[in-house]
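For reference, the chains in residue letters:
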Amino acid sequence: MGKKIVILNGSPRKNGNTSALVAAFRQGAESAGNTTEEFFLGGMDIHGCKGCFGGHSSRACPCVQKDDMDKIYPAVRECDVIVLASPLYYWNMSGQLRTAVDRLFALEEGGGNLLRGHGRASALLMAAEGNDFEDVLTYYEHLAGHLRWQNLGHVLAGGNGDVGDIQGKPELEQAFALGKSIQ
């Protein structure tokens, strides 16, 4: 039986290089019998975490804020794999993705801890103009380790400044292969 995969796409461009990586990954994952659900964060209304510790994992919508995270929480609760996809901004993930990741904390509050562990895995897809991914890889590895997610790997596509620059590059094949490898 296939895995349930949630993709958090933090690109502000729906047809950009990050989205091309996501499309290749989805094709690979679905060809292996998995189901994917992508959330294009740039088109969603998601507010920053208030740090209020008022969330509770037992609620259907665990955060006290009511915004589009309420669409993401149920999918994350049920998924086997979380894919973080983003362009590289100042050596890290986009603000759209970081905001959503911060808000996932509500799934850890209130004793239920529905985010950490549970046999989940994760992967990272990134496109960038440059090739300095060291800092974001450190962040991602620490995040996956803290949440006890199995790190399935990453595809880091440098040299892609303009929309469409990634077309024909081997990173698209790598993203497809990463998706297909999920069993």
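Residues numbered from 1 in each chain as written. Predicted model: local features only at pLDDT ≥ 70, side-chain atom pairs only at ≥ 80, totals over all residues. Heavy atoms only, no water.

Novice: How should the nonpolar core be read in this particular structure?
Specialist: As a rule of thumb, soluble globular proteins bury nonpolar side chains together. In this structure, Leu8, Leu41, Ile72, Leu84 and Leu104 are the most contacted members of the largest nonpolar core, which totals 37 residues. Here this core gets 6 residues from one element, more than from any other, and that element is helix α4 (residues 134-146). Listed in part, the 22 residues of the second largest apolar core include Ile7, Ala29, Ala123 and Ala127. (Core = buried A, V, L, I, M, F, W, Y, C linked by side-chain atoms within 4.5 Å. Buried < 20%, exposed > 50% of the residue type's maximum accessible area, 1.4 Å probe, protein only. Helix = DSSP H or I, 4+ residues; strand = E, 2+ residues; numbered from the N terminus.)

Novice: Hey, could you run me through the layout of surface pockets in this one?
Specialist: Gaps between atoms show up when a probe of the same size as a water molecule is rolled over them. Approximately 180 Å³ is the volume attributed to the largest pocket. Lining the largest pocket are 14 residues, with Arg13, Pro87, Tyr89, Ala127 and Asn160 positioned closest to its centre. (1 Å grid on protein atoms, 1.4 Å probe; cavity = no way out; pocket = protein on both sides within 12 Å on 5 of 7 lines; lining within 4 Å. Points joined across faces, edges and corners; volume = space filled by probe spheres on them.)

Novice: Is there a simple way to think about the pairing of strand β4 (residues 121-127) in this case?
Specialist: Side-chain positions along a regular strand alternate between the two faces of the sheet. By the criterion of burial, β4 is predominantly enclosed, with 7 of the 7 residues buried. The alternating pattern of β4 places Ala121, Ala123, Leu125 and Ala127 on one face and Ser122, Leu124 and Met126 on the opposite face, and all of these are buried. What joins strand β3 (residues 81-87) to β4 is helix α3 (residues 95-103), and the crossover it makes is right-handed. Across 7 bridges, the pairing between β4 and strand β5 (residues 150-157) is parallel. Following the sheet pairing, Ser122 is matched in β5 by Asn151. Handedness of the crossover joining β4 and β5 through α4 is recorded here as right-handed. (Right-handed = clockwise from strand over helix to strand, strands pointing away. Pairing = 2+ DSSP bridges.)

Novice: Explanation requested: α3 in the structure shown.
Specialist: Each turn of an α-helix holds 3.6 residues, which means side chains three or four residues apart point in the same direction. Taken together, the buried positions of α3 are Leu97, Ala100, Val101 and Arg103. On an axial view of α3, the arc spanned by its buried residues comes to 165°, and they lie on one face. At its buried positions, α3 is contacted by β1 (4-9), α2 (69-78), β3 and α4. (Arc of directions from axis to C-beta. Contact = heavy atoms within 4.5 Å.)

Novice: Hey, could you run me through empty space enclosed by the protein in this one?
Specialist: Following the criterion strictly, the structure yields 1 cavity of 30 Å³ or more and no others. There is about 120 Å³ of room inside the largest cavity. As for the largest cavity, its lining consists of 15 residues, of which Cys49, Cys52, Phe53, Cys63 and Glu109 are closest to the centre.

Novice: Would you mind going over the side chain of Ser11 with me for this structure?
Specialist: Relative to the helices and strands, Ser11 resides in the loop between β1 and α1 (17-31). If sequence neighbours within four positions are ignored, Ser11 has contacts with Thr18, Phe40, Gly42, Ala85 and Pro87.

Novice: Just to check I follow, could you spell out the packing of aromatic side chains for this structure?
Specialist: The way to describe two aromatic rings as a pair is by their centre distance and the angle between their planes. Overall, the coordinates contain 2 aromatic pairs when judged by the stated rule. Between Phe53 and Phe105, the aromatic rings sit 5.8 Å apart at their centres with planes inclined by 85°, giving edge-to-face as the arrangement. Placement of Phe53 in the loop between β2 (35-40) and α2 and of Phe105 in the loop between α3 and β4 is noted, with a sequence separation of 52 residues between them. For Phe105, a relative accessible area of 32% translates into the label partly exposed. An angle of 55° between the planes, with centres 6.1 Å apart, marks the rings of Tyr90 and Trp91 as tilted. Looking at Tyr90, the relative accessible area reads 76%, which means it is exposed. Using a relative accessible area of 44% as the deciding quantity, one classes Trp91 as partly exposed. Over the aromatic face of Tyr139 sits the side chain of Arg98, whose NZ or CZ is 4.4 Å from the ring centroid. (Phe/Tyr/Trp six-rings, centres within 6.5 Å; stacked < 30°, edge-to-face > 60°. Lys NZ or Arg CZ within 6 Å of the ring centre and 35° of its normal.)

Novice: Looking at this model, I keep getting lost on α2. Mind explaining?
Specialist: Among all positions in α2, only Met69, Asp70, Ile72, Tyr73, Ala75 and Val76 are buried. Contacts made by the buried residues of α2 are with β1, β2, β3 and α3.

So yeah, pure geometry; function would need other evidence.
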